[in-house]
Amino acid sequence: MCGRYATTANPARLAVELDALDETTDGASESGTAAKAPSGAGAESGANYNVAPTNRVLTVVRRHDRDHPDDDPALRIRRMRWGLIPVWTKAAEPGVPAKGKPLFNARADRATAAPSFRDSAKKRRCLVPMDGWYEWLAEPDPTAAGKTVKQPYYMSDADGGRLYMAGLWSVWRDPAQREMNPLLSCTILTTDAVGDLTRIHHRMPLMMPREHWDAWLDPDHPAPGELLETPSPQLVSSIVARPVNPLVNSVRNNGPQLLEPVDSSGDAGQISLI
């Protein structure tokens, strides 16, 4: 499960790195008007150390140009609401989708058949860039014998590299409000945890290595089934986990201090799962 993560990706710099089009502020893109930057520390640069469902997040898609559909598809950086809204969702009020179960995660092994995700799995797949993600592990409370506390752990690449997780996205429109901009939303695919990551949680986001991007993002063909399979332990061997500041427990807190490593007594430290 992945319900909270951290990212320092700036859309403009990300577009340069990936040779992609930055559509996060382009009113002509499918995402409509530009989205506001995340609140809290690092908002101007796009950094968000406590990304939570319903936040607007950066995604990478590959799409054809609407005015030139025969051209090759191009990589595009877009902001989307984290929490996929199926196309068949009814409107609660003009232009506003009805509330439902927050679909911020989707099981990779079931996505192609699940009614909420199967359409997106066929033709709307994306990547969600992040620096790392959080999970909570029940551990003995050092201040109270016999009790436990939920200690947050942060999983990231040992060398500090950016991670790209497999995701699905959707375009929602209110049929009665066709003149309004569509709402783009996404979900992060999860898979069984592998290797030493199983000590933290039984699920993990599905990492998508660079060599599979072309097949995963292809808007004209379904993704090969093997890309949805549980990855090998080798793929996640560079991921390390460390207990971090409990401030991350509240979505109201933000900033790089959330990534500060702590040990069970609250002092600075770091552990490796290897």
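Scroll up to find the structure this text is about.
All figures in this text were calculated on a predicted structure; none of them were measured in a lab. (Residues numbered from 1 in each chain as written. Predicted model: local features only at pLDDT ≥ 70, side-chain atom pairs only at ≥ 80, totals over all residues. Heavy atoms only, no water.)

Some details on helix H1 (residues 11-18)
Then, number 1: For H1, the complete set of buried residues consists of Pro11, Leu14, Ala15 and Leu18. Down the axis of H1, the sector holding all buried residues measures 100°, keeping them to one side.
Then, number 2: Those residues of H1 that are buried lie in contact with strand S2 (21-22), strand S4 (56-63), strand S5 (74-82), strand S9 (125-130), strand S12 (163-172) and helix H3 (213-217).
Then, number 3: Once H1 ends, the next one or two residues include Asp19, with phi positive near 55°. (Buried < 20%, exposed > 50% of the residue type's maximum accessible area, 1.4 Å probe, protein only. Helix = DSSP H or I, 4+ residues; strand = E, 2+ residues; numbered from the N terminus. Arc of directions from axis to C-beta. Contact = heavy atoms within 4.5 Å.)

Topic: the nonpolar core
Then, number 1: Core analysis: the largest hydrophobic core is formed by 31 residues, its most contacted members being Tyr5 and Trp133.
Then, number 2: At the level of secondary structure, the elements contributing two or more residues to this core comprise S4, S5, S9, strand S10 (132-140), strand S11 (148-157), S12, strand S13 (183-192) and strand S15 (239-243).
Then, number 3: Residue contributions to this core peak at 4 residues, all from S12.
Then, number 4: In this structure, Leu18, Ala166, Leu217 and Leu228 belong to the second largest nonpolar core, which totals 29 residues. (Core = buried A, V, L, I, M, F, W, Y, C linked by side-chain atoms within 4.5 Å.)

Notes on unusual backbone geometry
Then, number 1: Its identity as a non-glycine residue notwithstanding, Asp19 has a phi of 55°, on the positive side.
Then, number 2: Asp19 gets classed as exposed once you look at its relative accessible area, which sits at 70%.
Then, number 3: Positive phi outside glycine occurs at Thr54, with the angle close to 80°.
Then, number 4: With respect to the helices and strands, Thr54 occurs in the loop between strand S3 (48-51) and S4.
Then, number 5: For Thr54, a relative accessible area of 48% puts it in the partly exposed group.

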